[in-house]
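# Analysis of the macromolecular model
Single-letter residue listing:
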Amino acid sequence: DEGAASDFDGAWRGSFEASLDASTFDLANGPLWSLRLIRGRGGRNALHFSIVHSLDDQRSANRLLHELLDHMEKAAAGRTPEPPEPMALPQSIEDVLLEEEMDAMRLMGYGLTQLAHAGAGGVKLPSSLRSREREPKKNWGLDPTQPVAANRPLEVPTVKADGTVGVLMSDRIDPGVSFAGERRSNMMTPREVDAEIVAALRQRCRDNNVTVGMAVAVAALFAASDVGHDGLDFGYEAYRLLLGVDLRRFGPHGDWTNGTMAFASGALDFVLRMLPKSGDNFAAEQAGEHPRSAIGGVPFWDLARASADFTRAWMAKGYAVESTRLFDMGTRLLKLESIISASAESPSTLGREYSVTVSNAGVFAHGAPDGQYGKLHLRSVYFGISQAVSGSMLAASCLTVGGRLQVTAHAAAPIVSRAALDAFADSFVRTLTLAAQAPSRHRPVTPRVDYPTEVRGGLPFFYPLETPKGPLRCPVYEEIRSPTLPTFEIDKYIGIWYELAFHDITQANVCGCTRFNMTRHGVVIEDMFTVTCPWPWKEGVDGPWLPGYSEVSKKRRFNQWTCNMTMYYQPERLGVMRETGFGQEFDNMVLEIWRDPDMQTSTGYEYTRAIQFQCVEEPPGSGKITFTGINFLSREPVVSHGMLQEMFIRAQALGLEPYGSNDMHIIDHQGCQYPSSTDRTWMGERPEWPCPILDRELGALV
């Protein structure tokens, strides 16, 4: 143990981080890799390789490590290792993949997908860097996008940008603060998943027709959603994942590297819509803290199948070639390196373009399966690339050695704290462990495989029909109701409800101030629905050019609407009311009910929040869904972010995500004016189709 580091783990981790921060190579004269031996006590040693990533990838590094250990084994046994044989320098990726003539339409198709992913508003930075307040939305009608974490401004010091940076942005990060590109540093956290868990995970992946790489990718996304948000974020967020791809299989004649040290890696990216803290929610469900319905729960395997579906489509479309071509064009024609360097100083992204990067190098497929090289034992391999200047919010690099999955979590400080990086790594391992060990659940309905990546089936927000649901069928009440739902008492459900969020093609995203007023007459329930469209009213935005504007009050008239959605109480089917509206009749199911003490005190209602669900197949029993409705209701028009997020989590646990709970419109109730009464003396005859609410003498008082 002479010369061994007293803190062996700290020594090799520190060397790893320092190398990510400051490795330099002479590309003209070499050497293009370096090796450092770090000795520990008790026979523990670390070999620290630093390699030019643009010339060699992890698969090449594995071969180099194997040949080195093989020579060491033979030398220790007194055998003479074979002399090294020089090998031909392999062709570059560009020379191999771009030999065919360019397909302009295919390249344009790939470019459009990249633009769509970049414009998806994905989570790039942790909410810990953001203001507690959101930027106010000027007009929901003109901008129907939903509130996301990115609406909260970043709190990063800035100065006026000049030079090359000034060409791309007006302000840049203050060079004197630790967030500046040259001042950021790399951190890494190693973790390991036991061989028994990896074996079980591999079998679960086979059962779900996905690779282990897809499960690893989803686990990394879950972990990123855990550490990327605080308690002020609610609703679904877009997470953009950059996934490493070994391009050797895409060569016209197969692997062209012939076992040499080579760089043959590429990447694809896609966007998944998930709830913040999905990893924590997944763990809470497995622990029984978030009771699930028969078909509900955090859809880990749905997300893995969606990831696999996108990856297969990416390969089938020939995008391995087009991704290489687009990068080559950017490097040669657009001075991509200068753009990346300048973008690192952006105060809006801090050089981050993705939520998380995942590189799964597969299995260390050299030497004995147990990693034994004579008296030497290869225990683990950890690897990563620098994230300081540009990259992702978080990254996970994985390699299976001796059956164990080695995980290198890495990120840039101070964008991510060391505590947050450790939490990311722990969440990653926990999610994979739960996915491997959790019992399989039978689901009688099958969602579209792509719904987590393309929630609207490729259709725009203003599409007037129900978004495609694929082979999904309407569930029966017992499959989807909350297992903790109390015995439903209809009179406690009657009264005024404010709608907080909806998935419903009959409601326009430009509306707000939505309210239900339920009155029971025997088994008949009159549900007077009122809404303001368009909303919100903003002077100078909607303006006098829209009808109904009053120069006296400076407000609009004739933008409130109503209709009577008559329901029928069914004592033999508690929690399910038969509803009529828009010329149809369907079940309105109450899936969950809350009893919030403070809201009970302030409103006098015992039932304070609820989730309603409707599903229509046309013709009935055909399996073709023509309408789904999801309503988050509250006795108060404005609730805390935590309450709203709780309702999204419950909807997911009840199985509503494939039906549209990941595609909901959050309703604005700020500054709303509601009808003073929906009694017949004010409203007149209850309309069955939407009608405008007029002045009192014409039927309504506002």
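Here the structure is a predicted model, which is why all the values come from computation and not from measurement. (Residues numbered from 1 in each chain as written. Predicted model: local features only at pLDDT ≥ 70, side-chain atom pairs only at ≥ 80, totals over all residues. Heavy atoms only, no water.)

## Considering the overall build of the protein
Helices and strands together make up the secondary structure of the protein, namely 17 helices and 23 strands. Over its C-alpha atoms the protein spans a radius of gyration of 29 Å, differing by no more than 12% from the 27 Å that the globule rule assigns to 702 residues. Put simply, the protein has 702 residues, and 51% of those count as buried. For the protein, the exposed surface amounts to about 31900 Å²; the carbon and sulfur share of it is 54%. Charged side chains in the protein number 68 positive and 86 negative. The centres of these two groups are separated by 1 Å. (Helix = DSSP H or I, 4+ residues; strand = E, 2+ residues; numbered from the N terminus. Rg over C-alpha atoms; globule rule 2.2 N^0.38 Å. Buried < 20%, exposed > 50% of the residue type's maximum accessible area, 1.4 Å probe, protein only. Areas by Shrake-Rupley, 256 points an atom, 1.4 Å probe, with all protein chains shown as cover. Lys, Arg positive; Asp, Glu negative; His and termini not counted. Charge placed at Lys NZ, Arg CZ, Asp CG, Glu CD.)

## What about the pairing of strand β13 (residues 495–503)?
Counting buried positions along β13 yields eight of nine residues, so the element is predominantly enclosed. Summarising the sheet, β13 and strand β14 (residues 512–521) pair through four bridges and their orientation is antiparallel. Across the sheet, the residue bridging to Ile496 is Asn517, located in β14. Both β13 and strand β22 (residues 665–666) contribute to a ladder of two bridges, which runs antiparallel. Along β22, the bridge assignment pairs Phe502 with His665. (Pairing = 2+ DSSP bridges.)

## Here's the deal with the state of the cysteines
Taken as a whole, this structure holds two disulfides when the rule is applied. Note on cysteine connectivity: Cys513 is disulfide-linked to Cys672, with sulfurs 2.0 Å apart. Every disulfide takes its handedness from the sign of the S-S torsion; for Cys513 and Cys672 that torsion is -85°, giving left-handed. Taken together, the positions of Cys513 in strand β14 and Cys672 in the loop between β22 and α17 (680–683) put the pair 159 residues apart, joining distant regions of the chain. Side by side, Cys513 and Cys672 carry an identical accessibility label, which is buried. (Disulfide = S-S within 2.5 Å.)

## Details of helix α16 (residues 641–653)
Taking 1.5 Å of rise per residue, the 13 residues of α16 would be expected to cover 18 Å, and the 18 Å separating its terminal C-alpha atoms lies within 8% of that figure. Those residues of α16 that sit buried are Leu644, Gln645, Met647, Phe648, Ile649, Arg650, Ala651, Gln652 and Ala653. Buried residues in α16 make contact with α8 (278–286), β13, β19 (584–594), β20 (609–617), β21 (625–634) and β22. One or two positions beyond α16, positive phi appears at Gly655, with a value near 95°. (Expected span 1.5 Å × (residues − 1). Contact = heavy atoms within 4.5 Å.)

## Concerning the environment of Leu125
Relative to the helices and strands, Leu125 resides in the loop between α4 (104–118) and β3 (158–160). Those residues within four positions of Leu125 in sequence are excluded, and the remaining contacts are Arg130, Leu154, Gly228, Ser348, Thr349, Leu350, Arg352, Met393 and Ile415.

## Concerning the confidence of the model for the protein
Scored by pLDDT, the protein has a mean of 89; 92% of the residues are at 70 or more. Summarising per-element confidence for the protein, the mean pLDDT is lowest in α17 (63) and highest in helix α7 (residues 212–227) (98). Low pLDDT, under 50, characterises residues 696–702; the stretch is placed with 17 contacts to residues that sit more than four places away or in other chains. (pLDDT = per-residue confidence, 0-100.)

## Focus on the pattern of salt bridges
Under the definition given, this model contains 39 salt bridges. As a salt-bridge pair, Asp255 and Arg59 come within 3.8 Å of each other at their nearest N and O atoms. Separated by 196 residues along the polypeptide, Asp255 in the loop between β6 (237–246) and β7 (265–274) and Arg59 in helix α2 (residues 58–76) bring together distant segments of the chain. Where salt bridges share partners, they join Asp57, Arg59, Asp246, Arg248 and Asp255 into one cluster. (Salt bridge = Lys/Arg side-chain N within 4 Å of Asp/Glu carboxyl O.)

## Topic: the pairing of strand β2 (residues 45–51)
Only one face of β2 is covered, namely the one carrying Ala46, His48 and Ser50; the face carrying Asn45, Leu47, Phe49 and Ile51 has none of its residues buried. Two strands pair when backbone bridges link them, and strand β1 (residues 33–39) and β2 are joined in this way by seven bridges, in the antiparallel orientation. Bridge pairing links Arg39 to Asn45 in β2. Between β1 and the antiparallel strand that follows it, β2, lie five residues; Gly42 among them carries a positive phi value of about 70°.

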